[in-house]
Amino acid sequence: IKFVCNHVYDDENDTDCNVCGAVRVFKWKISVEKTGIYTILPIEDIDGFTTDTITIVDKNENEVMYNETHGGFPLVKGELYTVKLSDTADKEDYEFVKWNISLKFDKIFPDTTADGWYNDAVTYAVSTGIMTGYQSNGLFGTSDSIQRQDFTVMLARYAGADLSAYANAQNIFPDVDNNGYYAAAVKWGVDKGIITGYTHNGMFGVGDSITREQLVTMLYRYAKYKGKDVNVASDAEETAINKFNDYSKVSVFSKDAVLWATEKGVITGKGVNKDAIDPQGRAQRCEVAQIMYNIFKNDIL
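Residues numbered from 1 in each chain as written. Predicted model: local features only at pLDDT ≥ 70, side-chain atom pairs only at ≥ 80, totals over all residues. Heavy atoms only, no water.

## Let's talk about empty space enclosed by the protein
Under the defined criterion, the tally for this structure stands at one cavity of 30 Å³ or more. What the largest cavity holds in volume is close to 50 Å³. Lining the largest cavity are D58, V64, V76, E79, Y81, Y124, S127, T128, Y293 and F296. A class-by-class count of the residues in the lining of the largest cavity yields six nonpolar, two polar and two charged. (1 Å grid on protein atoms, 1.4 Å probe; cavity = no way out; pocket = protein on both sides within 12 Å on 5 of 7 lines; lining within 4 Å. Points joined across faces, edges and corners; volume = space filled by probe spheres on them. Nonpolar A, V, L, I, M, F, W, Y, C, P; charged D, E, K, R; others polar.)

Okay, here's the thing in structure tokens:
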């Protein structure tokens, strides 16, 4: 049993907090055998139960977003989740509730496949709200490239950044529209040292597809901003040279980031033999989802 606030209780058996009135929350650990969209319902009737009384969080306490389109929760196989049920009905037996967990869909989008290498990653990225599908057609756009401003928005979502604080902040890039949906995220990225823009023309590069080395550079800077250890082994470059046949194509500005990303498992290589970094290649949406899932699985950030 867990309470949803951090106040000290006079009595451990109190139903709610005497300070803020927060209700008791009961918790269950669950995992699923197949990635997809699940309905989670109590086997027994519970007075006052609705899907609004359920909260599901992953191992990092990130809430799983309820998928309105499919009417369920996106869950990834093998991951451990916590189901929390708010005591809105004031029922004393909540800790004994048993759940009926049913797979409704084994994929989220019409253009993804249940057995695709990216399905776990796409499900994770959508479940956390880092990525969404296209509103215009309901597709994910698996092989589509991601533009620089859009990845900045995704990274801000991942960080849980309060972008309202940047609405009126100074804009340093001539090509960033202050009224653009991405403007506050770009300003946040600049403020945190994650974004520097192009050195040759002073632009941010709105509309440009983000390359794989640019993407890992932003993640590397984000890790530094978060105070993470970004040091790599002394032989990291030698290892990369021996493992990846195109390491020599990595730009100077991104070498530290690429070494960090390959050593930590942020990226694992492309191609049949996973022996290519493809540093100037456009980062596809499925690849970005996999990169963010790698970070989650390996507890990198």
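## Things to note about the packing of helix α2 (residues 148-159) against helix α4 (residues 212-225)
Relative orientation of the contacting elements α2 and α4 amounts to 30°, with a least axis distance of 11 Å. With respect to α4, the element α2 is oriented roughly parallel. Crossing geometry of α2 relative to α4 is assigned as right-handed. Along its contact with α2, which presents R148, F151, T152, L155, Y158 and A159, the element α4 presents Q214, L215, M218, L219 and Y222. Residues that form the contact of α2 with α4 fall into these classes: eight nonpolar, two polar and one charged. (Axes fitted to C-alpha atoms, helices over the stretch in contact; angles between N-to-C directions. Helix = DSSP H or I, 4+ residues; strand = E, 2+ residues; numbered from the N terminus. Parallel < 35°, antiparallel > 145°, perpendicular 65-115°, else oblique. Left-handed = near helix turned anticlockwise from the far one by under 90°. Contact = heavy atoms within 4.5 Å.)

## Quick look at helix α7 (residues 285-297)
In a regular helix each residue adds 1.5 Å, so 13 residues correspond to 18 Å; α7 covers 18 Å between its end C-alpha atoms and thus fits that length. Within α7, twelve of the 13 residues are buried, leaving the element largely enclosed by the surrounding structure. Restricting attention to buried positions, one finds in α7 the residues R285, C286, E287, V288, A289, Q290, I291, M292, Y293, N294, I295 and F296. At its buried positions, α7 is contacted by α1 (119-127), α2 and α4. Positive phi appears at D299, one or two residues downstream of α7, with a value of about 50°. (Expected span 1.5 Å × (residues − 1). Buried < 20%, exposed > 50% of the residue type's maximum accessible area, 1.4 Å probe, protein only.)

## Some details on the sheet that holds strand β3 (residues 36-42)
With antiparallel pairing, the three strands of this open sheet are ordered in space as β5-β3-β7. Across the chains shown, the open sheet's two edge strands, defined by having one partner strand only, are β5 (73-75) and β7 (99-105). Averaged over all neighbouring strand pairs, the angle between strand axes comes to 45°, with direction disregarded. With three bridges joining them, β3 and β5 adopt antiparallel strand pairing. Among the inter-strand pairings, I37 is bridged to a residue of β5, identified as P74. (Pairing = 2+ DSSP bridges.)

## Side note on the packing of helix α5 (residues 236-243) against helix α6 (residues 255-264)
Here α5 crosses α6 at 75°, and the two axes come no closer than 10 Å. The orientation of α5 relative to α6 falls into the category roughly perpendicular. Listed contacts from α6 to A236, E237 and A240 of α5 are K255, L259 and E263. Tallied by class, the residues present in the contact of α5 with α6 amount to three nonpolar, no polar and three charged.

## Details of the environment of T239
Mapping T239 onto the fold places it in helix α5. Judged by relative accessible area, T239 falls into the partly exposed class, the value being 42%. Between the C-alpha atoms of T239 and L259, which are 20 residues apart in sequence, the distance is 9.2 Å.

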